[in-house]
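If you want the building blocks of each chain, they are given just below.
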Amino acid sequence: MAETIKVKKVFWPAILGLAILLLASSGWGQEKPAHRFTLPNGLTVILQELHSANVVALELWVKAGSLTETDKEAGISHLFEHMLFKGTSKRKVGQIAKEVESLGGDINAFTSLDYTVYYLVLASRHLDKGLDILADAVFNSTFASEELKKEKEVVLEEWRRAEDRPARKLTKKLFATIFTVHPYRRPVIGYRETIQSFSREDILAYFQKWYRPENMVLALAGDFDSEQVVEKVSQLFGRVPARGRISLAEIEEPAQNKARAFVIKGAVKQARLELAFRIPSVTHADVPALDLLAIILGQGRSSRLYRKVKDEKGLVYSTSASSFTPRGPGIFSVGARLEPENLARGLEELLRETYRLRGELVGPEELSKAKIQITSDAIYSKETMRGMAHKLAYFQVQFGDFKSEDAYRKAIQETTAEQIREVAGRYLRHSTLTAGVLLPEDSPLTFAKGQLLSLAERVEKELTPAVQHAPALPGKILRKVLANGMTLLVRENHAVATVALRAVFLAGTRFETRENNGINNLIANMLTRGTKSRSGPRIAQEVESMAGSLSGFSGRNSLGVSGNFLSRHFRAGIEILADVVLNSSFPAAELEKVSRDVLAAMKRREENLSSLAFYNFNRTIYKKHPYGLDPLGTPKTVKAITSKDLFQYKNRFMIPKNMVLAVVGDVQTVQVVELVEKLFGQFSGPVFSPPEVPREPPLKDIRRLVVAKDSRQTHIVVGFPGVDFADEDRYALRVLAGILSGQGGRLFVELRDRQALAYSVFAFSQEGLDPGYLSLYIASSSEKTKKAIDGIKRELVKIISEEPTAEELKRSVNNIAGSFEIGLQRNSALAATMAFNELYGLGYNFHLNYPEKILKVSAQQVLQAARKYINLDRYVLTLVGPSS
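Residues numbered from 1 in each chain as written. Predicted model: local features only at pLDDT ≥ 70, side-chain atom pairs only at ≥ 80, totals over all residues. Heavy atoms only, no water.

Engineer: Quick question: what am I supposed to make of the overall build of the protein here?
Structural biologist: Along the backbone of the protein there are 33 helices and 23 strands. In terms of C-alpha radius of gyration, the protein reaches 27 Å, essentially the compact-globule figure of 29 Å for 884 residues. Structurally, the protein occupies a C-alpha span of about 65 × 65 × 60 Å along its principal axes. When each of the 884 residues of the protein is scored for burial, the buried share is 62%. Distance between charge centres in the protein, computed from 120 positive and 100 negative side chains, equals 3 Å. (Helix = DSSP H or I, 4+ residues; strand = E, 2+ residues; numbered from the N terminus. Rg over C-alpha atoms; globule rule 2.2 N^0.38 Å. Buried < 20%, exposed > 50% of the residue type's maximum accessible area, 1.4 Å probe, protein only. Lys, Arg positive; Asp, Glu negative; His and termini not counted. Charge placed at Lys NZ, Arg CZ, Asp CG, Glu CD.)

Engineer: Explanation requested: the pairing of strand β11 (residues 330–338) in the structure shown.
Structural biologist: Every regular strand shows the same layout, with side chains that alternate between the two sheet faces. Judged by how many residues are buried, β11 sits mostly within the fold: 9 of 9 residues are covered. Residues Gly330, Phe332, Val334, Ala336 and Leu338 point to one face of β11 and Ile331, Ser333, Gly335 and Arg337 to the other, with burial holding for every one of them. Judged from the 7 bridges that link them, strand β10 (residues 318–324) and β11 form a sheet pairing that is antiparallel. Across the sheet, Ala321 pairs through a bridge with Val334, a residue of β11. Where β10 folds back on β11, the antiparallel hairpin that results is connected by 5 residues. (Pairing = 2+ DSSP bridges.)

Engineer: I would appreciate a short explanation of the packing of helix α3 (residues 76–83) against helix α6 (residues 145–163) in the present structure.
Structural biologist: To describe two helices that pack against each other, one gives the angle between their axes and the distance between the axes. In contact at an axis separation of 10 Å, α3 and α6 are set at 120° when each is read in the N-to-C sense. On the basis of the axis angle, α3 is oblique to α6. The chirality of how α3 crosses α6 is right-handed. In this structure, α3 uses His78, Leu79, His82 and Met83 to contact α6, whose residues at the interface are Glu147, Leu148, Glu151, Lys152, Val154, Val155 and Glu158. Broken down by class, the residue content of the contact of α3 with α6 amounts to 5 nonpolar, 2 polar and 4 charged. (Axes fitted to C-alpha atoms, helices over the stretch in contact; angles between N-to-C directions. Parallel < 35°, antiparallel > 145°, perpendicular 65-115°, else oblique. Left-handed = near helix turned anticlockwise from the far one by under 90°. Contact = heavy atoms within 4.5 Å. Nonpolar A, V, L, I, M, F, W, Y, C, P; charged D, E, K, R; others polar.)

Engineer: Help me understand the pattern of salt bridges in this model?
Structural biologist: Pairing between side chains of opposite charge can happen when the charged atoms of each approach one another. For the structure shown, the criterion picks out 62 salt bridges. A salt bridge links Glu349 to Lys313; the shortest N-O distance between them is 3.9 Å. Of this pair, Glu349 sits in helix α13 (residues 343–356) while Lys313 is found in the loop between α12 (304–312) and β10, placing the two residues 36 residues apart along the sequence. Residue classification places Lys313 among the partly exposed positions, given a relative accessible area of 37%. (Salt bridge = Lys/Arg side-chain N within 4 Å of Asp/Glu carboxyl O.)

Engineer: Just to check I follow, could you spell out the layout of surface pockets for this structure?
Structural biologist: Rolled over the atoms, a probe as big as a water molecule pinpoints where empty space is left. When its volume is computed, the largest pocket comes out at roughly 890 Å³. Taken together, 38 residues form the lining of the largest pocket, with Ala53, Asn54, Val55, Glu821 and Leu824 sitting closest to its centre. Among the elements of the structure, β14 (487–492), α30 (806–823), α31 (827–839) and α32 (846–855) are those that each provide at least two residues to the lining of the largest pocket. With 7 residues, α30 is the largest single contributor of residues to the lining of the largest pocket. In terms of residue class, the lining of the largest pocket is made up of 17 nonpolar, 13 polar and 8 charged. (1 Å grid on protein atoms, 1.4 Å probe; cavity = no way out; pocket = protein on both sides within 12 Å on 5 of 7 lines; lining within 4 Å. Points joined across faces, edges and corners; volume = space filled by probe spheres on them.)

Engineer: How do you make sense of unusual backbone geometry when you look at a structure like this?
Structural biologist: Phi is mostly negative for residues that are not glycine, and the peptide bonds are mostly trans. Despite not being glycine, Phe143 has its phi angle at roughly 55°, a positive value. Of note in the backbone geometry, Phe586 takes a positive phi value of approximately 50° without being a glycine. By the element assignment, Phe586 lies in the loop between α21 (570–583) and α22 (588–605). Residue class for Phe586 comes out buried when judged on its relative accessible area of 1%.

Engineer: How should I be thinking about the packing of aromatic side chains in this particular structure?
Structural biologist: Where two aromatic rings form a pair, the distance of their centres and the angle of their planes describe that pair. Per the stated rule, a full pass over the model turns up 39 aromatic pairs. Seen from their ring centres, Tyr394 and Phe399 are 6.4 Å apart, and the 65° between their planes marks the pair as edge-to-face. Note on Tyr394: relative accessible area 2%, which makes it buried. For the ring pair Phe764 and Tyr773, a centre distance of 6.2 Å and an interplane angle of 65° mean the geometry is edge-to-face. (Phe/Tyr/Trp six-rings, centres within 6.5 Å; stacked < 30°, edge-to-face > 60°.)

Engineer: Can you help me understand the sheet that holds strand β16 (residues 549–554) in this one?
Structural biologist: Within a beta sheet, neighbouring strands are joined by backbone hydrogen bonds and run either parallel or antiparallel to one another. Taking strand neighbours across the sheet as the criterion, the 6 strands line up as β13-β14-β18-β15-β17-β16 in an open arrangement whose pairing is mixed. A single partner strand is all that each edge strand has here, and the edge strands are β13 (477–481) and β16. Taking each pair of neighbouring strands and ignoring which way they run, the sheet shows an average axis angle of 15°. Two strands pair when backbone bridges link them, and β14 and strand β18 (residues 659–665) are joined in this way by 6 bridges, in the parallel orientation. Bridge pairing links Thr487 to Val660 in β18.

Engineer: What exactly am I supposed to notice about the nonpolar core here?
Structural biologist: What tends to happen in soluble globular proteins is that the nonpolar side chains get buried as a cluster. Residues Leu661 and Phe680 are the most contacted members of the largest nonpolar core, which totals 72 residues. The contact partners of Phe680, leaving out residues within four places of it in the chain, are Leu482, Asn484, Met486, Leu577, Ala578, Val581, Leu582, Met659 and Leu661. Val100, Tyr118, Ile189 and Ile195 belong to the second-largest nonpolar core, a separate cluster that totals 54 residues. (Core = buried A, V, L, I, M, F, W, Y, C linked by side-chain atoms within 4.5 Å.)

Here's what the structure looks like:
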């Protein structure tokens, strides 16, 4: 239930679905075509059968959002979305979430500028129940006054959380500057004054006006029989009477004929810059070319902005471009994070690369790569049922017909370099520019909006001449140990034309010392920055031209490389992955750039207060064990680590006897084995000798750490030492955390629903190769901090006092097992799960038995685990928030 404003992503809902019909028309895929029908009351229903997994997704879209609100109603769509989970005439408060979680499903919602979406994902055997729950929530909510009062407090906590996020401050100001009369100028969540003002009568009036069947689209995708579903949907959703179609008066945003700018300050460590240009709405004929333009300019490491402004000139830490096209006027934006002293030069170079596209023709390779990236997203979207349902509903709501993706897909394929140059010249103009800067509060830099505008105008004038003249058997898992000791896992899955690769090694912060802290993170970032035969830009170009992804990663227990490709590019993809694993060169120049980015990330973490709270908790609960080290390292260690250090560490741990490679997807096992033996057969290294890891002494008292921040909320983490991967108590602790968490959990129901203390509250159990922890988190306004801590302690006392109820136990075990199974739909998730479980000694097929182990946990085991691990005389408490 979150506010959603998507600015820094290309027109992704269209991308998400655009190639499905292309694939179907070419004979790829076996699913039936999507089917649409309209109930007598006017509700539109779209069905898509997909039998690749025993999962079904439901999405109900309501054409109501910021666009349909008045100034006095700002935020009512978002508040209303929250209220639909607060009880119906036959389901009391909290019962909806409990019921869904007891089925192992996931229910939630989000509000955007143009629409509100309610979604439900669960095992297909529970489809009838899911339909009943969704219909009941949407059409029979009671909107009790007392619950509205509580939920307004919850939304205000969400508002405070948003206000504490500096990046959101920049986005909000940007929209308010670009739009002067259009509803898009207001934040989706609304304002504190409007949120506080809403009454039950306001909510009921909004429901009557917008929540009518004629204004809704229901999309289902998954493992079901369409004929049976039609009957069930008609029974549940058809009984709601028609109330007539409602039209929305279009609000015309005045044309922008003069550049605008603003400079604001916030609690950030680096400056943020946004350059935005007004563009048309989602159905305009220029949108496909604008989407391609955004990819070419600023998406991926081979994009122009990344190569020129970040990589070559080193002026920014990150940069991006996006084409945001809602139902109303859209925004083409270019953004960057950078040091304040680089602001002027960074602005110039970003605009220079942007305006250059008005005069230059993009190259055929650039254009081809962008088209492949867009069309490939359709294939990846088919890995989840919710992705498919979302795509269908999106096109139906925004375009009026889910089949409109045909025209979009055709337009993408037919877009020429000349057309991209034309739209760049049409929309990327100084007169339509809105420039915004967010500076650190303590920055000595004085940068006025006049400077922004004069710099931008000068760059455009400089480029004006150029603008005028420039031209296994499916389902089975193969485990094979190569002669060099490397372990290979292969699982075929031909339901979707993708393949996921995970190469993992035992390493991570667990093997670090205070002297080399951060080395795993540096290696992970450096692996794709160059090999003996490929430069970093060449790797990025090759990977992105295949619409793939390849990156290093590191964690508490591991280090490795992940890759995702379309299956037709599997051979080329695994060859690059092998090159990265075997031949990374760790160029000193690249290490300097990466180190600079890591140091910036350390500063940036200070802005994300929830992350900062967990970081402080981690270093407080672990005093001797390396788990207490910062995964990023320290400024001192990061600056001191050299390329030679990276080589030495890599040569010690990234060796065949310490390696597991998992390959999952649309591949042939025999061919995978043959190719892997060819690529890695000569890979050699010493016998793996793991370092001795210091043991963490038992916790003997209460440890507290308080960090003062200028914020509206206090972020609180309470935790206790936990278990390792091999401990049988891990299952009971997971179930215990599940009883506390979720929308039907004790913490949510008591502290959020009943007391309205927080927007976000949850518990989780973190395991590791060495003992992890059980922790609870809540974020509450400063005046509620003590009440929130006391509330968490009361819930802890309850859970160690008596066994959970049968209903609580059922909800938790089914939710954990169901979520786990739903999460493994993607090839990437399954590859990672198999690889890590094998690496950690649990076995590559551990995931097959995990749900059963969770389902077997008893109420008595939960109580025993609670009493064993929760000790209110020995715990860690960290707080990040106002000094008071």
